[in-house]
Structures are given as structure tokens and as C-alpha cells.
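Coordinate analysis (summary)
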2 protein chains.
Amino acid sequence: MPSGRVTIADVARRAGVSTAAVSKVVRGAYGVSAEMQARVSQAIDELGYRPHAAARALRGRTYTLGVMLSDTRNPFFPDIIEGVTGHLSDTQYQVLLGPGGIEPRTQARMTDAMIDRSMDGLILISPVMTDAELTAIATAVPVVVVGRHGGSAAYGAVVDDDVMGARLVVDHLVGLGHTRIAHITHLERARAQGLPHTVRAEGYRQAMRAHGLADDVLATSFTEEGGYEGARQLLARADRPTAIFAGADIAALGVLRAADEAGLSVPEDLSVAGYDNIGIASLKRISLTSVDQDGQAIGAIAAQLLVERIEGRTRSVTSSVSPTLIVRGTTGPPRH
Amino acid sequence: MPSGRVTIADVARRAGVSTAAVSKVVRGAYGVSAEMQARVSQAIDELGYRPHAAARALRGRTYTLGVMLSDTRNPFFPDIIEGVTGHLSDTQYQVLLGPGGIEPRTQARMTDAMIDRSMDGLILISPVMTDAELTAIATAVPVVVVGRHGGSAAYGAVVDDDVMGARLVVDHLVGLGHTRIAHITHLERARAQGLPHTVRAEGYRQAMRAHGLADDVLATSFTEEGGYEGARQLLARADRPTAIFAGADIAALGVLRAADEAGLSVPEDLSVAGYDNIGIASLKRISLTSVDQDGQAIGAIAAQLLVERIEGRTRSVTSSVSPTLIVRGTTGPPRH
DNA sequence: TTGGTTGTGTAGAACGTTCTCCATTGTTAG
DNA sequence: CTAACAATGGAGAACGTTCTACACAACCAA
């Protein structure tokens, strides 16, 4: 009784050949006649054979790619994942996601676990670890990092051009006639360098300077509450800004609430823009002007880079994706 | 040169014992003296040894649990995942997520892939497949299904008590004085039985009947647009409902938009309630009354059930989690 | 003494693949 | 006809674990 799993030996017996031959056919390796190929393929279909990944892992590939998620709740992860799986759907590779948590310790545990499961390559999304740790991982397995500016030669990297994204927003607001434009950013936890919010804030400053305007950055946090608190402080000022650019949509929602409470109408009294273009931003009731990152493109490029690395064709190192500004109802010309 | 990985043989050599002994220590198996235990542990620490999961897979466990996600975008998946990982964080088990997509075909591919990677057990979240397919998977590997009512003895199941959830909403609205309460549900794709929205609609009907009220179910879809369209139809009627209970929050957001456009104020002219208690429901600007599922509890229970199954202590079969009603600003007494 | 038990450690065979040789055949060049 | 070579298939050794047998020692009971 062939208890349970169909193995390569079962296929070999059925087709009347050696296991080595079957292995060749399965892998599409060189040295198989058309007749052999047909016979083995038939046996595979008849028995419903599927290679056992763990056994493969002991010698060669597992055809498994790991994606480490730093925060499952981040609303544009689904886009990135869709991009990754979409790009890989016609290949042999399978994608498995690892919830790494926010803590460096748990993230390290997850990457270790992925390496222990001999994944062929890893995509790390917004990893919170030092560059040394990152490099250490990258020596054990091909790695592509998403969402961290900077980076090293040891691994590939895909980033959204956050400087450009911030500039798009500033240009848009200036074009509408705003001059007092404030920016709400996330309080730097001083752990890792090159995190998106830092770069966005820097892009905002650059863009303001380019327009000859004074910048005005307030650091709270990227939460609804953080946006609310930040906006309350900004709106309490004598010469309150006519526009607030929040570094993340979730914070922009808090800004909208603060505007509501202050009796300010949006966009007449206050223009509001966010970043990330999360799903609810497009709901008509919210209609938030935001910067869209095309997470799907980012995911697809990350997957492509990773496969290149795995297969030894390390072409490019860092790839940057251009964001787009989605203008909706929360931005308009200032009142007077 | 010990190229790359530290193996059990390296540890054995260092500690001056056999590989079998090291294996015993690693697994915490019976038959090791305290002295041996100490010596091996020290060698493990010194060398930084971690067992190779793939090699383990060939004989015993991989200590890997797979969670198949049917739709990465579903907003309460993060809660479930948090529950699963939280419950497992002190154990040896690692959780890996598999994006299965919405199509039955891709979901099947993912579950196959997880079995091929010899995961010790699988949690399937809202799988779209027939009960026969489900049972087939469950014979190959221990399985716990989340979010499908019904189910078989072959696998464990955890569900939210959707009947109760619907009743909570109806009771709440009736308690406020409403009598014309409509329900918006999702159009049945007639694939699988026992999907949450069907059960919610049924629960709504039961509850209305219990109050001696006429039910009024409209099937559109669980999208913002679906909620909007449904509400438009309902609000155009001569004796329009004074309350709308949408089977999902995302649809409730569409209902709110329709109310806005119709010039109806919420909750004075129209009460609105949703289901799922997604993140934005709590934003002050939305403040949607909704049914909370405690995804974290669901995840934790699923993990527990799965581990029990893996370790042969199949205690319970189906576990039901009670939802709670979160009353917020979108429900109130009808105007007159 | 013999025989049994208990406690501790090891040898070595799996597990299901991949992949490096090697053997066999057929073809072609000289 | 022989030598060289290309094309194809197979044997068998890995890969890093687990786990069943078994060996050995120490102890105890009869």
C-alpha cells in the first residue's frame, strides 16, 4: 500500500525508468529524450505526483520565496503582495508570508525561521534592523529590501521615490495658491536610517525651499490620533497654515477630524493631503488627496530583482518607483 | 572549512558525543543525563546551531503552521493573524502565511504548496472550496477552518456566531424604537455553503421575526458601491426604512454616502449599522455602530485547536466565538 | 551466581530529492 | 573498421535530521 505521499520512486516504477530520469524530467534538465519525457509526464499526471519541497531543500532549491512583513496592518501591504505573487504566478516559485511583527527581535526570529526553512530568497518589507544585521542575512540568502532608502551592495532594494512624492504634494498646493503649508511627520525612533517618513519630510523641506517658502514640520505619529493632535496644534496658531500635508493617510484622517471640530471646512478653510492612497481615501465620503505608491509595481519589481539574484543574474541594485499624486476633494485653493 | 551552515554533526563533534544524543537534547527527548544536556547545550550556544527545518521535515515535524488567506485585503485578517501568532509565540511553532487569492484554483494551489512544504498543520481562513475538497486536504494534514459555518468531523472549525451578531444589531435598533429595519447582504455566488453573509442574513430574519417585524433583505455586494446602491434603492421607497443594517462595514460606508447625498442626517433620519468593526469604523469622523468579531480570539482558538489536532488531542470540533455590539454615533432613536 | 531492570548513549537506517559521475548506445569521421 | 564523440539513461552518494534498535553499565533481587 503506497501509504500517503506519491514519491519520485513511485513515478519511476510506473514509467519503468530510474528515479534519476524522473528527476531530470521534473526539473526540465538536459539529457532526456522526447519519448522519455512523454512517458514520465504521463506517469506523473496519472499518479498526481508533486515534488516534496523539504526533500528538495536538502539538495537544491525549494522554489519558495519568503516575504517578511513588518506590520500586517499596514494598508498597502496587500498591494505589494499582489505585485509579488502576480509577477511570480507563472513561475515555479511559491510565495510565503512571514509576520515579523514590529520588534527587531521578532523580525530577526522570523528571518531566521525563513532561512531555516531554506527559502530560496527573501523580500523584507520595511525591516527594522541595522544595516549590519541586514547584510548578515543577505550573506546567507538572496535578499531584496522594500521601503528603506540607502542600502548596500549585499542586497537589492526597491523604494518609492518619497522625495518626489513630497514634492508632488507641495507643488500641487503651491499651484493652488497656498504659501503656509505645514507637514506632519512621524517621530523618529532613531533606530534605522532611511525610513520613508524621514525621506518624505526631507522632500517636503526641499520642495518648500525650491518655492522660496518657509517649511514647518511637526513630528507626532502616523496614527489618527497623531494627525489629530498635530493638526490641533497647527490650527491653534495665530497664522495657521492653509494647508496640511500629512506624511501618511491615517494621520490625514486625524487632521480632517481636527478640522471638523475647529469648524473649518475642507478644502475652503484648510486643504489636507496624505500619503499612501489607502483604500478609504477614495471613498466619496472621505475623498482625500493623496500620493499613490503603486505597491503592485513595487512588489513586482522586488520579485523580479529577487529572482535575478537567485539565478545569479544580479543586474540592478536599487530600483526606484515613481509615485503619483491623486487629487481629490480635500485640496483646493485657499479661501481669499 | 565548515562552509555555511552549522549542522548537528558539528555540535556533536564539539561536544564529543553522537549526533543522536544532540538530537535528543534538541528535541527534549527522554534519555539524557543532566551532564550531557549541559554539555550539548553549551556547544549549541557556542556554535549558534539552529536545526534545519527541511531536514527535519523528512523524518518528523517542521514546526511550521500554515495560514491560508483567501483575501489579503480583508481588514480583519490582521486580527486573526495576531491571535494566531500571539498564541504560538512561546511555542516552537512558526507561522507562515499563504496568499491564496480569491479563486478556488489558486487557493488549491496554495494549500498543495503548503502540504508539499510539509507543514505540520493548516489554518484556512474563509476558504472557497467544496466540502469534499476541504475534507481531502484534511486527510493529508491537520486542518482548522475559520469563518465557515457547517463543517465536518475531518477538520476543526472556528466561527463567529453570526446569528447572534445579527440579533444584537436588530435588538439594539428595535430597542431604540425602530420598526422598519432593512438589511443589505451580499449576492450569493452559490459556490460554498455556510458563508458568513448568508448566516448573518438568516440571523437578521430570525431576529426580526422574534420581534414580530417584517424583514426586508436586499442583496447587492459587500463593497462601498454595493452599500451605496442598496441604500439608494431602499431610501427611494415611499415608506423608507428608518434603519439600515449592512452585513459588512465597507457596505455601511456606502450607505452613509447615500444618506449624505439624500440629505438625510445620521442618525436622526437614518440609523446605520455595519458588521466587522473595521479600523475606520472607530474613527471619530465615521463613528459607525458595528459588530465586533474579536478576530484575535478567533485566531488564538484556531491555533489552539490546530495544535491539539497535531498533537493528537482532538478535543473539540467546532468552536464559536461570541461577537459584541459596538454602539457608536450612527445609530439612534428614529426622529418622530 | 544469574537474570532482570533501569538509565544512558550510539549505530545506522530511513526520509525524498538532486546531481555527479559512469555506462551504454548510436552516429560520424577518418 | 576503428576511434571519437554526442546523446541518453542509471547508480549511488550526498543533504541534515529523527528514531528504532541495540549495547553497555550499574544496580538489585533471588
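Residues numbered from 1 in each chain as written. Chains lettered and ligands numbered in written order. Predicted model: local features only at pLDDT ≥ 70, side-chain atom pairs only at ≥ 80, totals over all residues.

1. Let's talk about the protein's contact with DNA strand C
Around DNA strand C, a shell composed of 27 residues is seen, among which I8(A), S23(A), A55(A), R59(A) and L58(B) lie nearest. Secondary-structure elements contributing two or more residues to the surface near DNA strand C are α2 (19-27) and α4 (53-59) of chain A together with α2 (19-27), α3 (34-47) and α4 (53-59) of chain B. A total of 5 residues in the surface near DNA strand C trace back to one element, the largest contributor, which is α2(A). Here the residues of the surface near DNA strand C are counted per class, giving 12 nonpolar, 9 polar and 6 charged. (Near = placed C-beta within 6 Å. Helix = DSSP H or I, 4+ residues; strand = E, 2+ residues; numbered from the N terminus. Nonpolar A, V, L, I, M, F, W, Y, C, P; charged D, E, K, R; others polar.)

2. Quick word on the interface of chain A and chain B
Facing the 35 residues of chain A at the interface are 35 residues of chain B. Among the elements of the structure, α4, α5 (77-88), β2 (94-99), α6 (104-116) and α11 (249-261) of chain A are those that each provide at least two residues to the side of chain A that touches chain B. When grouped by side-chain class, the residues that make up the side of chain A that touches chain B number 17 nonpolar, 8 polar and 10 charged. (Contact = placed C-beta atoms within 7 Å.)

3. Some details on the domain arrangement of chain A
Interfaces are often sized by the accessible area lost when the parts come together. All names here are of chain A. Here chain A is described as being made up of domain 1 (8-51), domain 2 (61-155 + 297-314) and domain 3 (162-294). Each of domain 2 and domain 3 has a C-alpha centre, and the two are 30 Å apart. Across the contact, 11 residues belong to domain 2 and 12 residues belong to domain 3. Looking at side-chain class alone, the side of domain 2 that touches domain 3 contains 6 nonpolar, 4 polar and 1 charged residues. (Domains from an automatic or database assignment.)

4. Some points on the sheet that holds strand β6 (residues 181-186) of chain B
Residue and element names in this part refer to chain B. What the 4 strands build is an open sheet, ordered β7-β6-β8-β9; its pairing is parallel. The strands lining the two open edges of the sheet, one partner per strand, are β7 (217-220) and β9 (271-273). Taking each pair of neighbouring strands and ignoring which way they run, the sheet shows an average axis angle of 20 degrees. Bridge analysis of β6 against β7 gives 4 bridges, and the strand direction is parallel. The residue bridging H183 from the neighbouring strand is V217, located in β7. Sitting on the sheet, helix α8 (residues 162-176) is in contact with β6, β8 (243-246) and β9, with an inclination near 165 degrees to β9. (Pairing = 2+ DSSP bridges. Axes fitted to C-alpha atoms, helices over the stretch in contact; angles between N-to-C directions.)

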